Amino acid sequence: MVRVLREEQLIVLNIPGVHARHLNNRATERQRQNPRPNNCIGVFGMSSRTDERDLDDFFSKFGEIENIKLIRTPEGRSRGFAFIYFRHLEDAEAAVEESRGQILDGTEIRVDFSTTNRPHERTPGQYMGDRGRRGGDRRSRRY
């Protein structure tokens, strides 16, 4: 049996090499592998030629679509994935089940439920992770 510990418990137990964020990463990975059904589906591996009209034509047969968000580069080119928001959960479920492995614009697409309930915030366009792991002397860095 696996027991999930909170960060406070890890600090008290002083388990070397285990940190709460690692446990959280594992939970996030499980959620990505098996997301809960919701009204938003993700469509991945699309052709760069696929646009919102193509997505609407392909997915509207499953039910009423509230919104289609095609993810684009700052230059306006498709990044090859999109999010489609259905009005009803049953329609999103049907779209996921019946669209997996289908061909759209000559490309096999992967369709699954979104792991988030809302769009992510815009990023600054550069990596903003742990600055201490990029090499060099950490003491000389200015933050």
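To keep things clear, this report deals only with the structure shown in the data block. (Residues numbered from 1 in each chain as written. Predicted model: local features only at pLDDT ≥ 70, side-chain atom pairs only at ≥ 80, totals over all residues. Heavy atoms only, no water.)

Points about the pattern of salt bridges
In step 1: Across all of its chains, the model carries six salt bridges by this definition.
In step 2: In this structure, arginine 87 engages glutamate 64 in a salt bridge whose closest nitrogen and oxygen atoms are separated by 3.1 Å. One end of the pair, arginine 87, is in the loop between strand E3 (78-86) and helix H4 (89-99); the other, glutamate 64, is in the loop between helix H3 (52-59) and strand E2 (65-72), with 23 residues separating them in the sequence.
In step 3: A relative accessible area of 40% means that arginine 87 is categorised as partly exposed.
In step 4: A relative accessible area of 43% means that glutamate 64 is categorised as partly exposed.
In step 5: Between glutamate 66 and arginine 87 there is a salt bridge, and its shortest N-O distance comes to 3.2 Å. Note that glutamate 66 is positioned in strand E2 and arginine 87 in the loop between E3 and H4, a separation of 21 residues in sequence.
In step 6: A network of salt bridges, in which partner residues are shared, links Glu64, Glu66 and Arg87. (Salt bridge = Lys/Arg side-chain N within 4 Å of Asp/Glu carboxyl O. Helix = DSSP H or I, 4+ residues; strand = E, 2+ residues; numbered from the N terminus. Buried < 20%, exposed > 50% of the residue type's maximum accessible area, 1.4 Å probe, protein only.)

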